[in-house]
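Fold and contact review
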Amino acid sequence: MACDSATCGSSSCGSQEACCAPQKKPTGSQLVFCVKCKEGVVARVVANQSEPMCLGCLHASLLSKFKTAINNHSLVTPSDNVLLAFSGGPASRVALEFLREIRSKAQSDKDASRDHRSGLTVFGLGVVFVNEATVLQVSSADAQLVEDKISSIVCTGSPRLETLHIARLEDVFKNELSQRLRALLESVQDMTGREDLIEYLRMQVLQQVAKEHGYTKLVLGLCTTRIAARVLAATAKGQGYSLPADIQYLDSRWPVPVVLPLRDCVTRELVLHCHVANLDTVFIRNLSTMADRSSSINNLAHTFVTSLQEENASREYTIARTAAKLMPFSFNYSECPSTYLANRRRKDLLATNITPMNNKEMSSSSGSEVLCPVCSSPLDMLDYCNSDTDRVSLEENGRHIDEEDLEYCGGSDRGIHSFTHQSIAFQTVFCASCRFQILPDVHTKGIQTYELLPGSMRERAQKQFKDKYSWMRHQIEDLLIEEDGAESQT
Amino acid sequence: MQLTLEFGGGLELLFGSKKKHQVDVSPSNGHIELTVEALLVWIRDNLLKERPEMFMKDKSVRPGVLVLINDSDWELCGRLEGVLEDKDTVTFISTLHGG
């Protein structure tokens, strides 16, 4: 706001000298009007980077992005049973509200329709909350308080109440006490690794709940802001190869596919909408609450993106849009890739500027990427198959692991222990990031962390090692020398 | 003047875990009006229990903190230069826990 005084040279005078002209007052007589509806309604928020808007148009803008994402990518279909991962925060709160809105509309359409064919259905909706109180060693009374608050939000205000599932992070260990979760997290020295491991465990729990109760889609409240922070953090952690997998609308590498309908919304607008529409949220502490910004790479990336946003309101979109140019994986496409691509060309989506693979490549893509047993990120097959460590280990120590040992791979942990952990090659079944952050030296001192991991992750690691080892052995069996000194005949 | 200050999105942790504060703030000596900038200084000096860097950066709020004056975005009210009146409600919400 320019100052009238001749002595002030700047356009925004902060000197508060008496010479400055009085500024506009923030009352209802504000002269800025909504640029969207153009109905002379006073603007109350600034959204879409720089547009003054009324509350109705803010709601419409966010809902439109939500619905467009769902419709263009078939994220939720009428036959789906959708589970929303609700954290209590503004993004998932808005997701809950919008899912209720579109579901309610679909229900009224169905009720009003004279067509009584059984084909008309409305998608099912459930909500899950994962209580992570154990991570911060919160008392059980406080943990219960949080659950009560979550219940009161989800279980009121909707005519057709959704089922609320409350799970705990330690549920990832079947029937175990929370000591094991605490021991696992404490064994991870790297703070970023610890935060990331919590996220991977949380996804396991969400998938467990979704599968157990027959849900067909899992909705996360991941929005543009968090995707932008994730892009920067993943780049810093050396996860460049797998980065595209986590930031698309659809991710079906999981048993219950994960969808991100809020992918095009920014946190700022979601928080604003919650406040002005009186949508209750619950603030829950996590590891980075009140921590220094450099406590973890994730925190640093998020703080950085937030400060970039202050300088230029389009930064979050720019980062997310640039990352969207990376080729996604086969599991990021919906079930009918050719239909998906045809629809995309027709609608000329700007959100994801993917160069479509040709039909031959799409049809041969079986979707069977090799995934890291801990974080499920796709492994770069070139690195995976050509790791020098593996070759050295096999060729020089070819006889220390033979067919008999490989039989143990399917057996109990005791059978596996003596052989996998002595093998340097074992660590290559994990992605580089997990190796560095979570399981450094898994064949020596990292054993403790590995053994505390959930059974499902360890089983995946063992199976992958067996498969990889068999494959590699087959590749070099001409070079192996038989026990009796004779050359291999094959 | 009497103001209502509200803190959300985790900011309340810096203010004794109390979300709503009724305060009496006067413009500092020599000034006729109370601006948001002056209010921030007052909050830092009188209300903030710990970790000022979590709430403020230089003269403004830390990036990621939304400010609303009477439920209107402070971007529309001149940000730091917005003038406050008696009985106004100023809301500060942290967006750093996106959820």
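Residues numbered from 1 in each chain as written. Chains lettered and ligands numbered in written order. Predicted model: local features only at pLDDT ≥ 70, side-chain atom pairs only at ≥ 80, totals over all residues. Heavy atoms only, no water.

As recorded in an unreviewed UniProt entry, chain B goes by the name Ubiquitin-related modifier 1 homolog, listed as coming from Sphagnum troendelagicum. Recorded in UniProt under Sequence similarities (unreviewed entry), the annotation for chain B is "Belongs to the URM1 family." Recorded in UniProt under Subcellular location (unreviewed entry), the annotation for chain B is "Cytoplasm". (UniProt positions renumbered as here; feature names shortened; annotations may be inferred.)

As recorded in an unreviewed UniProt entry, chain A goes by Cytoplasmic tRNA 2-thiolation protein 2 and comes from Sphagnum jensenii. As recorded by UniProt, the Function (unreviewed entry) comment attached to chain A reads in full: "Plays a central role in 2-thiolation of mcm(5)S(2)U at tRNA wobble positions of tRNA(Lys), tRNA(Glu) and tRNA(Gln). May act by forming a heterodimer with NCS6/CTU1 that ligates sulfur from thiocarboxylated URM1 onto the uridine of tRNAs at wobble position."

**Concerning the overall build of chain B**
When helices and strands are counted, chain B shows one helix and nine strands. Helices (α) and strands (β) of chain B occur, in sequence order from the N terminus, as β-β-β-α-β-β-β-β-β-β. Computed over its C-alpha atoms, the radius of gyration of chain B comes to 13 Å, within 12% of the 13 Å expected for a compact globule of 99 residues. On the principal axes, the C-alpha backbone points of chain B span a range of 40 × 30 × 25 Å. When the 99 residues of chain B are sorted by exposure, 57% land in the buried category. A separation threshold of at least 6 residues defines the contact pool for chain B, and within that pool the share at least 24 residues apart is 58%. Surface summary for chain B: the accessible area is close to 4,100 Å², and the carbon and sulfur share equals 47%. Between the averaged position of the 11 positive side-chain charges in chain B and that of its 16 negative side-chain charges there is a distance of 7 Å. (Helix = DSSP H or I, 4+ residues; strand = E, 2+ residues; numbered from the N terminus. Rg over C-alpha atoms; globule rule 2.2 N^0.38 Å. Buried < 20%, exposed > 50% of the residue type's maximum accessible area, 1.4 Å probe, protein only. Contact = heavy atoms within 4.5 Å. Areas by Shrake-Rupley, 256 points an atom, 1.4 Å probe, with all protein chains shown as cover. Lys, Arg positive; Asp, Glu negative; His and termini not counted. Charge placed at Lys NZ, Arg CZ, Asp CG, Glu CD.)

**Observations concerning the confidence of the model for chain B**
For chain B, mean pLDDT is 91; residues scoring 70 or higher make up 98% of the total. Both scores are available for the predicted complex, with the pTM at 0.83 and the ipTM at 0.95. (pLDDT = per-residue confidence, 0-100.)

**Concerning the environment of A:Gly221**
All names here are of chain A. Note on placement: Gly221 falls in the loop between strand S6 (217-219) and helix H6 (224-236). Residue class for Gly221 comes out buried when judged on its relative accessible area of 8%. Between the C-alpha atom of Gly221 and that of Asp467, which follows or precedes it by 246 residues, the distance is 36 Å. Those residues in contact with Gly221, other than ones at most four positions away along the chain, are Ala91, Arg226 and Leu262.

**Quick notes on helix H8 (residues 297-311) of chain A**
Here H8(A) spans 21 Å end to end across 15 residues, near enough to the 21 Å set by a 1.5 Å rise per residue. If you check which residues of H8(A) are buried, you get A:Asn298, A:Asn299, A:Ala301, A:His302, A:Thr303, A:Val305, A:Thr306, A:Leu308 and A:Gln309. (Expected span 1.5 Å × (residues − 1).)

**Regarding the pairing of strand S9 (residues 89-94) of chain B**
In the case of a regular strand, side chains alternate between the two sheet surfaces. Residues and elements named next belong to chain B. With five of its six residues buried, S9 lies for the most part within the structure. By the bridge criterion, five bridges tie strand S1 (residues 2-8) to S9 in an arrangement that is parallel. Pairing of Leu5 across the sheet is with Val90, part of S9. (Pairing = 2+ DSSP bridges.)

**Focus on the nonpolar core**
Residue and element names in this part refer to chain A. One finds Leu197, Leu218, Val374 and Phe430 to be the most contacted residues of the largest nonpolar core, which totals 65 residues. Residue contributions to this core peak at nine residues, all from helix H5 (residues 191-212). Excluding residues within four positions of it along the chain, Leu218 makes contact with Leu83, Ala85, Met203, Leu206, Gln207, Val256, Pro257, Val258 and Val259. (Core = buried A, V, L, I, M, F, W, Y, C linked by side-chain atoms within 4.5 Å.)

**Side note on unusual backbone geometry**
Non-glycine residue A:Asn278 carries a positive phi angle of around 55°. Positionally, A:Asn278 belongs in the loop between helix H7 (267-276) and H8. Of note, the phi angle at B:Asn70 is positive, near 50°, even though the residue is not glycine. Following the sequence through the fold, B:Asn70 ends up in the loop between strand S6 (65-69) and strand S7 (72-73).

**So, the sheet that holds strand S8 (residues 258-259) of chain A**
All names here are of chain A. Strand order in this open sheet of six strands is S5-S4-S3-S6-S8-S7, and the pairing throughout is mixed. At either end of the open sheet lies a strand with only one pairing partner, and these are strand S5 (163-168) and strand S7 (250-251). The pairing of S7 with S8 spans two bridges and is antiparallel. Pairing of Leu250 across the sheet is with Val259, part of S8. Helix H3 (residues 140-154) rests against strand S4 (124-131) and S5 of the sheet, and its axis sits at about 165° to S4. (Axes fitted to C-alpha atoms, helices over the stretch in contact; angles between N-to-C directions.)

**Digging into the packing of helix H1 (residues 55-72) of chain A against H7(A)**
Residues and elements named next belong to chain A. Packing of H1 against H7 brings their axes to within 10 Å, and their N-to-C directions diverge by 130°. One finds that H1 runs oblique with respect to H7. Of the two elements, H1 crosses H7, and the hand of that crossing is left-handed. Together, Leu55, Leu58, His59, Leu62 and Lys65 of H1 and Glu269, Leu270, Leu272, His273 and Val276 of H7 make up the contact between the two elements. For the contact of H1 with H7, a count of residues per class yields six nonpolar, two polar and two charged. (Parallel < 35°, antiparallel > 145°, perpendicular 65-115°, else oblique. Left-handed = near helix turned anticlockwise from the far one by under 90°. Nonpolar A, V, L, I, M, F, W, Y, C, P; charged D, E, K, R; others polar.)

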